[in-house]
Amino acid sequence: MNCRICSSLFQEYLENTISQDLMDELRSHIELCERCRVCFKTYSLTIQLSGRIEQPCCVSPEAMDRLKAMLLQRFFSSH
């Protein structure tokens, strides 16, 4: 698995909507790749913290797309 594929699967991984084989492959890549590990932690922490806001809210699909685009841009622009 490469970094681009790995990062494109973060949301599906957190939602547990991908196959077990793909989850295992993604988990293995994250363990080996520091950049993906940091990116995944940032992504998942953002989702987790957004759920702790006092007023019930959910992250809009547009906000998720912006977050994903920002993380991918920063991730791949520093190569």
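Above this text you will find the structure in question.
A quick note: this is a predicted structure, and the numbers were derived from the prediction, not measured.

Asks: I'd like a description of the state of the cysteines, backed by residues and values.
Replies: Enumeration over the complete set of coordinates arrives at 0 disulfides. Lacking any disulfide linkage, Cys3 is separated from the closest cysteine sulfur, that of Cys36, by 3.7 Å. Free of any disulfide, Cys33 has its nearest neighbouring cysteine sulfur in Cys3, separated by 3.7 Å. What makes Cys33 buried here is its relative accessible area of 14%.

Asks: Explain the pattern of salt bridges residue by residue, including any values.
Replies: Inspection of every chain in the model, using the stated rule, returns 1 salt bridge. A salt bridge links Asp24 to Arg27, with the shortest nitrogen-to-oxygen separation between them at 3.0 Å. Remark: Arg27 and Asp24 occur in helix α3 (residues 20-32); sequence separation between them is 3 residues, near one turn of the helix. Overall, the relative accessible area of 31% leaves Asp24 in the partly exposed class.

Asks: Lay out the packing of aromatic side chains with the relevant residues and their values.
Replies: Enumeration according to the criterion identifies 3 aromatic pairs in this entry. Taking the centre distance of 5.7 Å and the plane angle of 50° together, the rings of Phe10 and Tyr43 count as tilted. Separated by 33 residues along the polypeptide, Phe10 in helix α2 (residues 10-15) and Tyr43 in helix α4 (residues 34-50) bring together distant segments of the chain. As far as burial versus exposure is concerned, Phe10 and Tyr43 are alike and both buried. With 5.5 Å between their ring centres and 75° between their planes, Tyr13 and Phe40 make a pair best called edge-to-face. In this pair, Tyr13 sits in helix α2 while Phe40 sits in helix α4, placing the two residues 27 residues apart along the sequence. Members of the aromatic cluster, each reached through a chain of ring pairs, are Phe10, Tyr13, Phe40 and Tyr43.

Thresholds applied
- Residues numbered from 1 in each chain as written.
- Predicted model: local features only at pLDDT ≥ 70, side-chain atom pairs only at ≥ 80, totals over all residues.
- Heavy atoms only, no water.
- Disulfide = S-S within 2.5 Å.
- Buried < 20%, exposed > 50% of the residue type's maximum accessible area, 1.4 Å probe, protein only.
- Salt bridge = Lys/Arg side-chain N within 4 Å of Asp/Glu carboxyl O.
- Helix = DSSP H or I, 4+ residues; strand = E, 2+ residues; numbered from the N terminus.
- Phe/Tyr/Trp six-rings, centres within 6.5 Å; stacked < 30°, edge-to-face > 60°.

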